[in-house]
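Close look at the chain arrangement
Letter by letter, the chains look like this.
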Amino acid sequence: MTKAFVIHEYGGPEVLKWQDVEVGDPGPGEVRLRHKAVGLNFIDVYHRTGLYPLPALPAVPGMEGAGVVEAVGEDVTEFRAGDRVAYAHPPGAYSEVRLIPAAKLVALPGALSFEQGAAMMLKGMTARYLLYGCYNALPGDVVLIHAGAGGVGQILVQWAKAKGVTVIATAGSVEKAALVTGLGAEHVINYQSEDFVARVKDITHGRGVHVVYDGVGQATFLKSLDCLRPLGTMVSFGNASGPVEPFNIGLLAAKGSLFLTRPSLMTYTATREGLLAHARDLFEVVARGVVKIAEGRTRPLVEAPQAQQEMEGRRTIGSTILIP
Ligand code: NDP
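Everything numeric in this text was worked out from a predicted model, so none of it was measured.

1. Observations concerning the overall build of the protein chain
Secondary structure assignment for the protein chain yields 10 helices and 15 strands. A compact globule built from 324 residues should have a C-alpha radius of gyration of about 20 Å, and the protein chain, at 20 Å, falls within 12% of that. With the C-alpha coordinates of the protein chain rotated into their principal frame, the extents come out at 60 × 40 × 35 Å. For the protein chain, with 324 residues in total, the buried portion stands at 55%.

Next up, the structure:
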């Protein structure tokens, strides 16, 4: 028996119920994992509200965790009891102990703490596929990154800088904007008080950017299209402000034959090779020190409902780590 948050119905933070759950022994290909740290992500909110329905209810939400292998099932050769591991999928992280397919785990390098592992797996591998998979940003490119002070945003800004790209980032307060400047973004726009389209046009001398990485969604989507140069790429990867409304795809032609993608980390890491390649590249930029993983704010796992409310209210900065 262990403790976990369980969702029995979709709704507000109150549907997260802290209760006893049975874990049992790992089956073939599975590992029993004791969490040391759990990452808070915006997708946890979508799972709670039902914007992204979970495979079935009741379910334990939470996508990102780091911990120690307690036991392994038949056929598991890559891991054994005592190994330090981390992961970004599948749901079940809001728990003290869980079962998880071994194929979803990666070994956590000894130089990284569990807190860093839980702060970077989902967010950092996302930054990797955005910067290499969706649009391979290269030196000379100008990119626009929304919510640069967020969990994904902070890693994305630093990694884009490490690729030699010119970064324009948005942030929702003066404090957040200062932080993003400190991460190396050349231009930071407080999009609560400034018109980011006008600022981007000004900064790029009317040309626009090569790519927009937009995890904000509804509030920024159409304006983000206006920030792109002809043949630019719109990467719409999230819905922090709500899902993007249906629109006429003719707009993409009218605004300069734009490319649009709506990607998911799950596609880019669906195979074992894909997952390991993303994790390897992430660990490499972190080991070189070009991407720094702040340990973020920690709070007890039992405070996950309050942590989600803070995230929805734009009051979090960077990663929040939940400790079982
Ligand atoms: P963040 O830490 O970035 O939190 C979301 C941020 O979005 C807020 O802090 C806020 O920053 C900004 N924001 C703007 N408008 C709103 C609004 N109306 N309500 C709430 N927040 C708003 O979250 P994550 O790092 O976990 O995720 C960032 C985005 O990336 C999310 O949309 C998430 O779903 C997406 N994502 C997508 C993945 C994929 O594979 N498709 C994988 C991982 C994340 P500010 O105040 O500066 O505006």
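2. Observations concerning unusual backbone geometry
Of note, the amide linkage connecting Leu57 to Pro58 takes the cis form, showing an omega dihedral of 0 degrees. Among the structural elements, Pro58 can be located in the loop between helix 1 (42-49) and strand 4 (64-72). Omega for the peptide link from His89 to Pro90 comes to 0 degrees, which places this bond in the cis form. Here Pro90 shows up in the loop between strand 5 (84-87) and strand 6 (97-101). A positive phi angle, close to 50 degrees, is found at Ser257, a residue other than glycine.

3. A short note on the site of the ligand
Taken together, 28 residues form the shell around the ligand, and within it Tyr129, Lys176, Tyr191, Gly215 and Leu265 come nearest. Between the ligand and Tyr46, the relevant distance is 2.8 Å, taken from an oxygen atom to a side-chain nitrogen or oxygen of the residue. A distance of 2.6 Å separates an oxygen atom of the ligand from a polar atom in the backbone of Gly215. Among the elements that take part in the shell around the ligand, helix 2 (residues 114-134) stands out by supplying 3 residues, more than any other. Counting contributing residues per domain, the shell around the ligand is built from domain 1 (2-112 + 293-323) and domain 2 (123-265), each supplying no fewer than three.

4. Here's the deal with the packing of helix 2 against helix 9 (residues 272-287)
Close contact between helix 2 and helix 9 brings their axes to 9 Å; oriented N to C, the two are set at 95 degrees. It follows from the interaxial angle that helix 2 and helix 9 lie roughly perpendicular. The residues of helix 9 that touch helix 2, namely those facing Met120, Met121, Gly124, Met125, Arg128 and Tyr129, are Leu275, Ala277, His278, Ala279, Asp281, Leu282, Phe283 and Val286.

5. Thoughts on the domain arrangement of the protein chain
Domain boundaries assigned for the protein chain yield domain 1 (2-112 + 293-323) and domain 2 (123-265). Every contact between the two is made by 15 residues of domain 1 and, on the other side, 19 residues of domain 2. For the pairing of domain 1 and domain 2, the buried interface totals around 1200 Å² over both sides, and the portion due to carbon and sulfur atoms is 51%. Together, Arg314, Ile317 and Gly318 form the three largest contributors to the area buried by domain 1 at its contact with domain 2, with a combined 41%. At the junction of domain 1 with domain 2, the criterion picks out 1 salt bridge. Of the charged contacts, one joins Lys123 and Glu64 as a salt bridge, the two residues approaching to 2.5 Å between their closest N and O atoms. Summed over the shared surface of domain 1 and domain 2, the result is 9 residue pairs in polar contact (both at pLDDT 80 or more). Considered class by class, the residues forming the side of domain 1 that touches domain 2 number 8 nonpolar, 5 polar and 2 charged.

6. What to know about the packing of aromatic side chains
One pass over the structure, following the stated rule, counts 8 aromatic pairs. Both rings, one in Phe5 and one in Tyr94, keep their centres 6.3 Å apart while their planes meet at 70 degrees; by these two values the pair is edge-to-face. In this pair, Phe5 sits in strand 1 (residues 2-7) while Tyr94 sits in the loop between strand 5 and strand 6, placing the two residues 89 residues apart along the sequence. Comparing Phe5 with Tyr94 shows no difference in burial state: the two are buried. A centroid spacing of 5.4 Å and a plane angle of 50 degrees characterise the contact between Phe42 and Tyr46, whose relative ring orientation is tilted. Here Phe42 pairs with Tyr46, and both are found in helix 1, just 4 residues apart, close to one helical turn. Exposure remark for Tyr46: the relative accessible area of 7% places this residue in the buried category. By way of ring pairs, the aromatic residues Phe5, Trp18 and Tyr94 are connected into one cluster. Between the NZ or CZ atom of Arg84 and the centre of the ring of Phe114, over which it lies, the distance is 4.6 Å.

Rules of the game
- Residues numbered from 1 in each chain as written.
- Predicted model: local features only at pLDDT ≥ 70, side-chain atom pairs only at ≥ 80, totals over all residues.
- Heavy atoms only, no water.
- Helix = DSSP H or I, 4+ residues; strand = E, 2+ residues; numbered from the N terminus.
- Rg over C-alpha atoms; globule rule 2.2 N^0.38 Å.
- Buried < 20%, exposed > 50% of the residue type's maximum accessible area, 1.4 Å probe, protein only.
- Near = heavy atom within 4 Å.
- Polar contact = N/O pair within 3.5 Å; in protein donor to acceptor, adjacent residues only side chain to side chain.
- Domains from an automatic or database assignment.
- Axes fitted to C-alpha atoms, helices over the stretch in contact; angles between N-to-C directions.
- Parallel < 35°, antiparallel > 145°, perpendicular 65-115°, else oblique.
- Contact = heavy atoms within 4.5 Å.
- Buried area = accessible area lost by both parts, 1.4 Å probe.
- Salt bridge = Lys/Arg side-chain N within 4 Å of Asp/Glu carboxyl O.
- Nonpolar A, V, L, I, M, F, W, Y, C, P; charged D, E, K, R; others polar.
- Phe/Tyr/Trp six-rings, centres within 6.5 Å; stacked < 30°, edge-to-face > 60°.
- Lys NZ or Arg CZ within 6 Å of the ring centre and 35° of its normal.

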